[in-house]
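# Structural characterization, general
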Amino acid sequence: MLKEERQQRILDILNEEQKVIASDLSMRLAVSEDTIRRDLKELDGKGKLKRVHSGALRVGPPVTDFIFRTTVDSEIKHRLALKALPFIKEGSVIIIDGGTTNLALVQALPLDFSATVITNSPPLAIELASRPHMTVINLGGCFYKNSMINVGVETYKSLQVIRADLYVMGIYNINTEVGTSVPTAQEADIKREMTRVSTEVLGMVTTDKFGTVSSAIVGPVEDLNYLISDAVSQSVHKDYAKKNLLLID
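Residues numbered from 1 in each chain as written. Predicted model: local features only at pLDDT ≥ 70, side-chain atom pairs only at ≥ 80, totals over all residues. Heavy atoms only, no water.

Looking up the protein in an unreviewed UniProt entry gives the name Lactose phosphotransferase system repressor, with the organism given as Coriobacterium glomerans. The heading Function (unreviewed entry) in the UniProt record of the protein holds the text "Repressor of the lactose catabolism operon. Galactose-6-phosphate is the inducer." (UniProt positions renumbered as here; feature names shortened; annotations may be inferred.)

Now the structure itself:
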């Protein structure tokens, strides 16, 4: 088998199984573990996978700007938002951070819904501005244009004096072994603090993000109380059941 064929087979297995182990690939592809490690290093360098100690994990969707992401899988995101609505209680204090699925959620809220929403996402705050019974607290900070969120010391300090009933976490990558992760350390810091100050945490995730990882770890999947997705396989259900996480699809 040529190197190009072998590396494509590694990627195919990774996409099917969400992770690969170097020793297992060595047996399945009938090559040495050193050869597999070189392949994984090369594929990692090309951004095709994320190399870890024992093998490799899938990388998440490419980093694109917020406006473009609003056009991707919009029907799926709307379905996820409708499934999340029963967890959004009137009169509660809710932290909702950035993300196009979270934007779909606030768009799905009834016009007369009453709650306090704390957000570091200006697009979400603008969406809620026309809701007469909604109190909106927009956290300041340094504006991260790609994700259209505020991050940094000011955002972090504002969260330290807040307590919320529910945090709706925007999920960029999620993996049962690594946890939730994002491309930037500043965003990870804010998500961790939002988790700390909230009684419960809910996430909505499209299926292409399962088993993927980014460079900045937010926290273990056990930080989540509820995870909402769409058409999840039985194997994924089993993986999250082991973590005592309620996965709803």
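Read on, since the account is not over.
## Considering the pattern of salt bridges
Per the stated rule, a full pass over the model turns up 14 salt bridges. In this structure, glutamate 42 and lysine 3 form a salt bridge, with 3.3 Å as the shortest nitrogen-oxygen distance. Of this pair, glutamate 42 sits in helix α3 (residues 33–45) while lysine 3 is found in helix α1 (residues 3–17), placing the two residues 39 residues apart along the sequence. When the shortest N-O distance is used, the salt bridge between glutamate 127 and arginine 131 registers 4.0 Å. The structure contains a network of salt bridges with shared partners spanning Lys3, Glu42 and Lys46. (Salt bridge = Lys/Arg side-chain N within 4 Å of Asp/Glu carboxyl O. Helix = DSSP H or I, 4+ residues; strand = E, 2+ residues; numbered from the N terminus.)

## Topic: the layout of surface pockets
Estimates place the volume of the second largest pocket at around 330 Å³. Lining the second largest pocket are 19 residues, with Glu17, Gln18, Ser235, Val236 and Asp239 sitting closest to its centre. Listing elements by their share of the lining of the second largest pocket, those giving two or more residues are α1, β10 (173–175) and α10 (234–241). Among the elements that make up the lining of the second largest pocket, the one with the highest residue count is α10 (four residues). The class makeup of the residues in the lining of the second largest pocket is seven nonpolar, seven polar and five charged. Split by domain, the lining of the second largest pocket shows at least three residues from each of two domains, domain 1 (3–58) and domain 2 (66–247). (1 Å grid on protein atoms, 1.4 Å probe; cavity = no way out; pocket = protein on both sides within 12 Å on 5 of 7 lines; lining within 4 Å. Points joined across faces, edges and corners; volume = space filled by probe spheres on them. Nonpolar A, V, L, I, M, F, W, Y, C, P; charged D, E, K, R; others polar. Domains from an automatic or database assignment.)

## Brief notes about the domain arrangement of the protein
Its domain assignment divides the protein into domain 1 (3–58) and domain 2 (66–247). For domain 1 versus domain 2, the distance between C-alpha centres works out to 31 Å. Counting residues at the interface gives five residues for domain 1, matched by 10 residues for domain 2. Buried surface at the junction of domain 1 and domain 2, summed over both partners, amounts to about 650 Å²; 47% is from carbon and sulfur atoms. In terms of surface lost to domain 2, no three residues of domain 1 exceed Gln18, Leu57 and Arg58, which account for 75% of the buried area on that side. At the junction of domain 1 and domain 2, the tally comes to one salt bridge. The closest approach of N and O atoms between glutamate 177 and lysine 19, which form a salt bridge, is 2.4 Å. Our count for the domain 1 to domain 2 interface comes out at four residue pairs in polar contact (both at pLDDT 80 or more). Partitioning the side of domain 1 that touches domain 2 into residue classes produces one nonpolar, one polar and three charged. (Contact = heavy atoms within 4.5 Å. Buried area = accessible area lost by both parts, 1.4 Å probe. Polar contact = N/O pair within 3.5 Å; in protein donor to acceptor, adjacent residues only side chain to side chain.)

## Considerations on the packing of α1 against helix α2 (residues 22–29)
Packed helix pairs are specified by the crossing angle of their axes together with the interaxial distance, meaning the distance between the axes. At a closest axis distance of 12 Å, the pairing of α1 and α2 adopts a crossing angle of 125°. In this view, α1 runs oblique relative to α2, as classed from their interaxial angle. When you trace α1 past α2, the crossing you get is right-handed. Contacts between α1 and α2 involve Arg6, Arg9, Ile10, Ile13 and Glu17 on the former and, on the latter, Leu25, Arg28 and Leu29. (Axes fitted to C-alpha atoms, helices over the stretch in contact; angles between N-to-C directions. Parallel < 35°, antiparallel > 145°, perpendicular 65-115°, else oblique. Left-handed = near helix turned anticlockwise from the far one by under 90°.)

## So, the sheet that holds strand β14 (residues 216–219)
Spatially, three strands are ordered β10-β11-β14 in an open sheet, and the strand pairing comes out antiparallel. Among the strands making up the open sheet, the edge pair consists of β10 and β14. Each neighbouring strand pair of the sheet contributes to a mean axis angle of 35°, computed without reference to strand direction. Here helix α9 (residues 185–196) sits on the sheet in contact with β11 (179–182) and β14, set at roughly 5° to β14. (Pairing = 2+ DSSP bridges.)

## A few points about the environment of leucine 80
Following the sequence through the fold, leucine 80 ends up in helix α5 (residues 74–84). Placed 22 residues apart in sequence, leucine 80 and asparagine 102 show a C-alpha to C-alpha distance of 9.4 Å. Apart from the residues within four sequence positions on either side, leucine 80 is in contact with Thr101, Met204, Val205, Thr206, Ile228, Ser229 and Asp230.

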